[in-house]
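This is what each chain is made of:
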Amino acid sequence: MGRTSKDKRDVYYRLAKENGWRARSAFKLLQLDEEFNLFQGVKRAVDLCAAPGSWSQVLSQKIGGQSSGQVVAVDLQAMAPLPGVIQIQGDITKLSTAKEIIQHFEGCPADLVVCDGAPDVTGLHDVDDYMQAQLLLAALNIATHVLKLGGCFVAKIFRGRDVTLLYSQLRIFFSSVLCAKPKSSRNSSIEAFAVCQGYDPPEGFIPDLTRPLLDHSYDFNELHGPARFIVPFVACGDLSAYDSDCSYPLDLEDGSEYKYTPPTQPPIAPPYQEACKLKKNGQLAKESLPKECSINKVDNLPQ
Ligand code: SAM
């Protein structure tokens, strides 16, 4: 796909490869930092759902250089090594992962937890929205195990059906919650980032990874008064930065011709690898409709 379409047209995808970032998402974290100074004074950071690792690259560059700065990256997928980043191949919904993170920090809590997690997209809007909300809550849950008081949590959020409930839940744990949209995140996408500062759990709160936080029996649209928390929305990234929804010309400004740049770090074992191999060898089974079904389809065509 890269050589012909996305690679040539998406400016952040192009810039990521030219600048050695593993994914275009790097710009989202950089633009969030421009707005919120996320890395100031941070010594220990956790990158949840980190593969292929562009956010970890940013973290290791921004805080890894400081004396005793440590970055721990977690993902279900294997990730190519990165200097200054400790990797855990694990699930963020598991208590064992929280314990492993703390172990790497020798018992000290993290100053910053970031999560750019995304479940595999199904294309069914409601399902994807629900899964994303669950992943954000899983990230919040694990953050409550590893984050220091006053610490900061940044996570991808879909501004979908459950967003009001999500904000209200985040607000229980943080003194400040904002919704930020970096310039490199497409306007056409419902993706944004919850920037939660000042970790301050309710008194007596005991972190518990076994409890799902999103309760659908609760009609959050009925929330009123202080229970309905409306978060400020902040667009971030320099106003002169590229607009990620635009297609960019193939002729470069200096008149030179566009040249293909290979990805900085292709995924090690992406979930679609097996399917690609089967397709290449013509072994990918094609779905065949039952006979009567295809006849009906033809019969039903408008005359
Ligand atoms: N921030 C990354 C970067 O800059 O390279 C990109 C993250 S990618 C959009 C989303 C990642 O979430 C995938 O690599 C996926 O494996 C991971 N993920 C999804 N569910 C997860 C889970 N339960 N535990 C750990 N990682 C998970």
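With 82% of its residues at a pLDDT of at least 70, the protein reaches an overall mean of 84. At the low end of the mean pLDDT range in the protein sits helix α9 (residues 291-299), at 46; at the high end sits strand β4 (residues 110-115), at 98. Across the interfaces of the predicted complex, the ipTM metric reaches 0.99, alongside a pTM of 0.80.

Bringing the site of the ligand into the picture now. Contacts to the ligand come from 19 residues, most closely from Gly-53, Ser-54, Asp-75, Asp-91 and Asp-116. Here an oxygen atom of the ligand and a backbone polar atom of Gly-53 are 2.9 Å apart. The separation between an oxygen atom of the ligand and a polar side-chain atom of Ser-54 is 2.5 Å. Here the ligand loses 85% of its free accessible area of 610 Å² to cover by the protein chains.

Note that the residue after Ala-51, namely Pro-52, is joined by a cis bond; omega there is 5 degrees. Within the element layout of this structure, Pro-52 appears in the loop between β1 (44-48) and α4 (54-64). Within the chain, Glu-106 stands out as a residue other than glycine whose phi angle is a positive 50 degrees. Inspection of the secondary structure puts Glu-106 in the loop between α5 (95-104) and β4. Residue Glu-106 is classed as exposed on the basis of its relative accessible area, which comes to 73%.

Closest axis-to-axis distance for the α5/helix α6 (residues 125-146) pair is 9 Å, and the angle between their directions is 40 degrees. On the basis of the axis angle, α5 is oblique to α6. With respect to the hand of their crossing, α5 and α6 are arranged in right-handed fashion. In this structure, α5 contributes Leu-95, Thr-97, Ala-98, Ile-101 and Ile-102 to the contact, and α6 contributes Ile-142, His-145 and Val-146. Here the contact of α5 with α6 is built from residues that sort into 6 nonpolar, 2 polar and no charged.

Counting 41 residues, the largest nonpolar core has Leu-48, Ile-92, Ile-101, Val-113, Phe-153 and Phe-174 as its most contacted members. Among the elements that take part in this core, α6 stands out by supplying 10 residues, more than any other. With near-sequence residues (within four places) excluded, Leu-48 lies in contact with Val-74, Ile-92, Ile-101, Val-113, Val-114, Cys-115, Asp-116, Gly-117, Ala-139 and Ile-142.

Cut-offs applied
- Residues numbered from 1 in each chain as written.
- Predicted model: local features only at pLDDT ≥ 70, side-chain atom pairs only at ≥ 80, totals over all residues.
- Heavy atoms only, no water.
- pLDDT = per-residue confidence, 0-100.
- Helix = DSSP H or I, 4+ residues; strand = E, 2+ residues; numbered from the N terminus.
- Near = heavy atom within 4 Å.
- Polar contact = N/O pair within 3.5 Å; in protein donor to acceptor, adjacent residues only side chain to side chain.
- Areas by Shrake-Rupley, 256 points an atom, 1.4 Å probe, with all protein chains shown as cover.
- Buried < 20%, exposed > 50% of the residue type's maximum accessible area, 1.4 Å probe, protein only.
- Axes fitted to C-alpha atoms, helices over the stretch in contact; angles between N-to-C directions.
- Parallel < 35°, antiparallel > 145°, perpendicular 65-115°, else oblique.
- Left-handed = near helix turned anticlockwise from the far one by under 90°.
- Contact = heavy atoms within 4.5 Å.
- Nonpolar A, V, L, I, M, F, W, Y, C, P; charged D, E, K, R; others polar.
- Core = buried A, V, L, I, M, F, W, Y, C linked by side-chain atoms within 4.5 Å.

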